[in-house]
Amino acid sequence: MQESSGVDRVNGRAAERQLREWRHLFKLDPDREISDSALDAVCRSGTDAVIVGGSTGVTYDNTTDLLARIRRYEVPCVLELSSAEAAVPGFDAYLVPIVLNAGSAEWIAGRQAEAIAAYGSMIPWDTAVGEGYIILNGGSTAAKLTGARTEIGERDVLAYARLADRLMRLPIVYLEYSGRFGDMRLVERVRADLQGARLFYGGGVTDAERARLAAAAAHTVVVGNAIYERLDDALATVAAVKETPAPA
Ligand SMILES: CC(C)=CCC/C(C)=C/CC/C(C)=C/CC/C(C)=C/CC/C(C)=C/CC/C(C)=C/CC/C(C)=C/COP(=O)(O)OP(=O)(O)O
Ligand SMILES: O=P(O)(O)OC[C@@H](O)CO
Ligand SMILES: [Mg+2]
């Protein structure tokens, strides 16, 4: 384990505890171009960790290339798996999405079980962490891919979150609005209702103002597309999140 990685590889549950302390995360998509100077700014920004992931076009090669570039820096780097073929060794931890409101079991347990069977003893269980995704922007790539039931109200969102939190005991519930800024009242309600899981929020956090709102509602704020579209504003989200008092 690298001293600076921020993720304890000796004991997977310790890795989960460390993830719980993270307030701000940047998500880099291996399927999108990023210049060396932009990557340098992201990795030195003070974010708690960089997630590598995207819903489509993620391959072993583009994931390996991005990991090698990020490894020049001390920032912890975790892989969010969206395809079994792109399970690249060398990350500090592995996040495995389980799309609770997917239209088909393929995205809830099907692909995951297939990959677990295929990789067998090669899986680094000590750094593997499950994420209970609830996808709420029907226009997003992830929603279309998984046929997610996005037209649902607070009662159903809370039910999915409780399923993940109280029954499945997943360490992370992820409210995903990728590409659109979500309903912070709903985010706040879901976070306040969780008993053990950490609430990750991602979607449309494009500047400091939105980052503050999201940081007041969720435990952890994830910033993705803004890195590619409005880099300076994206970088400003780090301080905005860190300066916002963490919710309970
Ligand atoms: C080294 C080694 C062998 C490591 C293995 C690590 C490990 C723990 C393996 C276990 C096996 C396993 C379970 C593998 C994963 C299998 C798998 C493919 C699961 C399916 C994941 C899934 C449900 C994907 C659906 C899409 C999704 C929810 C992706 C999450 C990321 C996301 C939403 C990104 C946003 O995407 P983006 O492209 O940016 O979207 P926009 O267009 O909106 O911007
Ligand atoms: O790309 P954005 O809209 O910032 O969303 C971040 C993340 O939740 C995507 O999985
Ligand atoms: Mg994206």
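The structure displayed is predicted, hence computed values, not measured ones.

1. Observations regarding the sheet that holds strand β1 (residues 24–28)
Pairing is parallel in the closed barrel, where eight strands are placed in the order β1-β2-β3-β4-β5-β6-β7-β8. Within this sheet the neighbouring strands show an average axis-to-axis angle of 30°, counted without direction. With three bridges connecting them, strand β3 (residues 77–80) and strand β4 (residues 93–99) associate as parallel partners. Considered in β4, the bridge of L79 is made with Y94. Sitting on the sheet, helix α7 (residues 184–193) is in contact with β6 (172–176) and β7 (198–202), with an inclination near 165° to β7.

2. A look at the UniProt feature "binding site: sn-glycerol 1-phosphate" (unreviewed entry) in the chain
In this structure's numbering, the residues bearing the UniProt feature "binding site: sn-glycerol 1-phosphate" (unreviewed entry) are K27, Y174, L175, E176, Y177, S178, G179, G204, G224 and N225. Relative to the helices and strands, G204 is located in the loop between β7 and α8 (208–217). On the basis of relative accessibility, which here comes to 16%, the residue G204 falls in the buried class. If we ignore the near neighbours within four places in the chain, the residues touching G204 are G179, R180, F181 and R210.

3. Side note on the side chain of N62
Mapped onto the elements, N62 comes out in helix α3 (residues 60–70). For N62, a relative accessible area of 16% gives the class buried. In terms of polar contacts, N62 uses its side chain to reach the backbone amide nitrogen of T59, at 2.8 Å. Each residue touching N62, except ones within four places of it in the same chain, is listed here: P30, D31 and G57.

What counts, and at which threshold
Residues numbered from 1 in each chain as written. Chains lettered and ligands numbered in written order. Predicted model: local features only at pLDDT ≥ 70, side-chain atom pairs only at ≥ 80, totals over all residues. Heavy atoms only, no water. Pairing = 2+ DSSP bridges. Helix = DSSP H or I, 4+ residues; strand = E, 2+ residues; numbered from the N terminus. Axes fitted to C-alpha atoms, helices over the stretch in contact; angles between N-to-C directions. Contact = heavy atoms within 4.5 Å. UniProt positions renumbered as here; feature names shortened; annotations may be inferred. Buried < 20%, exposed > 50% of the residue type's maximum accessible area, 1.4 Å probe, protein only. Polar contact = N/O pair within 3.5 Å; in protein donor to acceptor, adjacent residues only side chain to side chain.

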